[in-house]
Structure formats: structure tokens, C-alpha cells
Amino acid sequence: MSKILEYRGVSDLVYAEVTEDTLENYTTGAVKPLAGVATITRETASSSEAHYYDNQAAIVISTVGADTVTCTVSAIPLDVLADLTGQNYDEATGVLIEGHVAPKYFAIGYKTKKTNGDEVYVWRHKVSVGIPSVTHSTENDGTEANGQELVFTGVATTHRFAKADNKGIKAINVDVALGKADVTTFFDEVTTPDSLKAKA
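Each value, and the rule that gives it
Residues numbered from 1 in each chain as written. Predicted model: local features only at pLDDT ≥ 70, side-chain atom pairs only at ≥ 80, totals over all residues. Heavy atoms only, no water. Helix = DSSP H or I, 4+ residues; strand = E, 2+ residues; numbered from the N terminus. Buried < 20%, exposed > 50% of the residue type's maximum accessible area, 1.4 Å probe, protein only. Contact = heavy atoms within 4.5 Å. Areas by Shrake-Rupley, 256 points an atom, 1.4 Å probe, with all protein chains shown as cover. Lys, Arg positive; Asp, Glu negative; His and termini not counted. Charge placed at Lys NZ, Arg CZ, Asp CG, Glu CD. Core = buried A, V, L, I, M, F, W, Y, C linked by side-chain atoms within 4.5 Å. Polar contact = N/O pair within 3.5 Å; in protein donor to acceptor, adjacent residues only side chain to side chain. Salt bridge = Lys/Arg side-chain N within 4 Å of Asp/Glu carboxyl O. Patch = residues over 30% accessible without salt bridge, like charges linked within 9 Å, V, L, I, M, F, W, Y side chains within 5 Å. Pairing = 2+ DSSP bridges.

Participant: Please explain the overall build of the protein chain as it appears in this structure.
Facilitator: Counting secondary structure elements, the protein chain contains one helix and 12 strands. Secondary structure elements of the protein chain occur, N-terminal to C-terminal, as β-β-β-β-β-α-β-β-β-β-β-β-β. Counting all 200 residues of the protein chain, 31% fall into the buried class. Across the protein chain, the fraction of contacts at a sequence separation of at least 24, relative to all contacts at a separation of at least 6, is 57%. Total accessible area computed for the protein chain in this model is approximately 12,500 Å², and 49% of it derives from carbon and sulfur atoms. Where the 17 positive side-chain charges of the protein chain centre and where its 27 negative ones centre are 10 Å apart.

Participant: Can you help me understand the nonpolar core in this one?
Facilitator: Looking at soluble globular proteins, one finds that nonpolar side chains tend to be buried together. Counting residues in hydrophobic clusters, the biggest one holds 23 residues, and the most contacted among them are Leu-34, Val-73, Leu-84, Leu-150 and Phe-152. Where this core is concerned, the elements lending two or more residues are strand 1 (7-21), strand 5 (56-73), helix 1 (78-85), strand 8 (106-114), strand 9 (119-129) and strand 11 (148-154). Formed by 18 residues, the second largest nonpolar core is a distinct cluster that contains Phe-161, Val-174, Ala-181 and Phe-187.

Participant: Would you mind showing me how to read unusual backbone geometry here?
Facilitator: Residues other than glycine predominantly adopt negative phi, and peptide bonds predominantly adopt the trans conformation. Although it is not a glycine, Asp-165 sits at a positive phi angle of roughly 55 degrees. Structurally, Asp-165 can be placed in the loop between strand 11 and strand 12 (171-175). Even without a glycine there, the phi angle at Asn-166 is positive, about 55 degrees. In this fold, Asn-166 is placed in the loop between strand 11 and strand 12. Residue classification places Asn-166 among the exposed positions, given a relative accessible area of 52%.

Participant: Hey, could you run me through the environment of Gly-168 in this one?
Facilitator: Within the secondary structure layout, Gly-168 lies in the loop between strand 11 and strand 12. Note on Gly-168: relative accessible area 33%, which makes it partly exposed. Sequence separation between Gly-168 and Thr-28 is 140 residues, and the spatial gap between their C-alpha atoms is 16 Å. Each residue touching Gly-168, except ones within four places of it in the same chain, is listed here: Ala-156, Thr-157, His-159 and Arg-160.

Participant: Would you explain the environment of Thr-85 in this entry?
Facilitator: Here Thr-85 lies in helix 1. Taking the C-alpha atoms as reference points, Thr-85 and Ala-181, 96 residues apart in sequence, are found 33 Å from one another. Here Thr-85 is in contact with Val-101, Ala-102, Gly-130, Ile-131 and Pro-132, once residues within four sequence places are set aside. A distance of 2.7 Å separates the side chain of Thr-85 from the backbone oxygen of Leu-81, its partner in a polar contact. Here the side chain of Thr-85 touches Gln-87 through a polar contact of 3.0 Å, side chain to side chain.

Participant: Hey, could you run me through the pattern of salt bridges in this one?
Facilitator: Opposite charge on two side chains permits pairing when their charged atoms draw close. Per the counting criterion, the structure on display carries eight salt bridges. For Asp-175, the salt bridge is made with Lys-114, and the minimal N-O distance between the two is 3.0 Å. Of this pair, Asp-175 sits in strand 12 while Lys-114 sits in strand 8; the two residues are 61 residues apart in sequence, bridging distant segments of the chain. Judged by its relative accessible area of 16%, Lys-114 is buried. One continuous salt-bridge network, built from bridges that share partners, spans Glu-17, Lys-32, Asp-83 and Lys-104.

Participant: Help me out: how do you make sense of a nonpolar patch on the surface in this one?
Facilitator: Together, Tyr-53, Ile-59 and Ile-61 make up a nonpolar patch on the protein surface, roughly 290 Å² of accessible area in all. With respect to the helices and strands, the residue Ile-59 is situated in strand 5.

Participant: Which parts of the structure should I look at to understand the pairing of strand 1?
Facilitator: Regular strands show a simple pattern: their side chains alternate between the two faces of the sheet. Examined bridge by bridge, strand 1 and strand 8 share seven bridges and lie antiparallel to one another. Within strand 8, the position partnered with Tyr-7 by the bridge is Lys-114. Where strand 1 and strand 2 (residues 26-28) come together, three bridges link them in antiparallel fashion. Bridge pairing links Glu-20 to Thr-27 in strand 2.

Bear in mind that shape data such as this cannot, by itself, settle questions of function.
Below, the structure written as C-alpha cells:
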């Protein structure tokens, strides 16, 4: 009988800008730390509907839509927030200038952990993010504090990967405990199905 496990743990949230996503190429910028992460929730829009012929359900038509990835994080550094949302940041004065936004696509990476301690490494390859909400409240004699919530919308890449049967992808998940994939540089750059190598 296989082990019964649950997920308990998430860490090391990073991001990189997608600089090109075409049929010919998928390229990204440098991988950067995002913020401390408390929770990550992914929901995928999908639907299935039976079509009837000869007075009975004959076939089922299924579709899969966009992913919604919700991340509860610590306070996001202002320069990172500007980078993610396409707003302006003045390095000289350390000022986030809220207003005009220039939406971009990113890849986000993180680690999840099972209850036995085994880790799963994840890259989601094409997401965009809205401006996160933030709550500021007065200090009191308790321990209350507020982080922020980022909501990413993920879609499949335009680029088609050989190991994905020449189709676009949304993400890869690597079960490190299997010991099959070489993950030594997994978060040094955005790893794709085609760039991930098996252990020698």
C-alpha cells in the first residue's frame, strides 16, 4: 500500500520576467526573490458537459482554462512590487510611484513539501499579476500583523516544448525524492521541460 501523504510546507518564492514567448523561443530574465511566502493556492478553470445523441449521453466535451494562483506573502519590497506590476520605481529615492501600469508576464518558482519532508520543485511559466491588496492597522499589545496577497493568472505558453509533445505548457512539478531529475540549478534560471536534465 502506498504511503498516505499531504502537503505541509511552502518556501522560496521567486520570479523572472518572460522576455520572449513565441513559437520559436521561450526566454526569461534573471531569477529574483519575491517575498516570504505563507500559502499558495492554485485553481484551474475547467468545465465538462455531456452531449446527447439517441436519447442518451454519448460523449463528454471538456475544456481547461486559465489558472488562478493566489499567494499570501510577507510585505513585498517596493522595487519588487514595481517590477511585478509595471509601475515606476525611482532607485535614487527609493520611491514607488503608483499610477500607470505596464503589464508583463512572469515565471514564478517555489518549493512545496509533503508531510514526510519530501520536496516538490515548481516553475509556473507564464503568469501575470494584478496590483495586490494591502491592509495597514494600528499597533496594539497583541501580535497582529498584515502581509499581502498576490493573485496571478496563469496561461499556457505560446512556445511549444518538445517534451510536452510540441505543445504549450503552464508549469512543471518535480518530485525531488524520486532522485531522477538534476535539480542542482533548478532555481538559478527558469527551468523548462526541455532544459531539465535527468541525473547522470
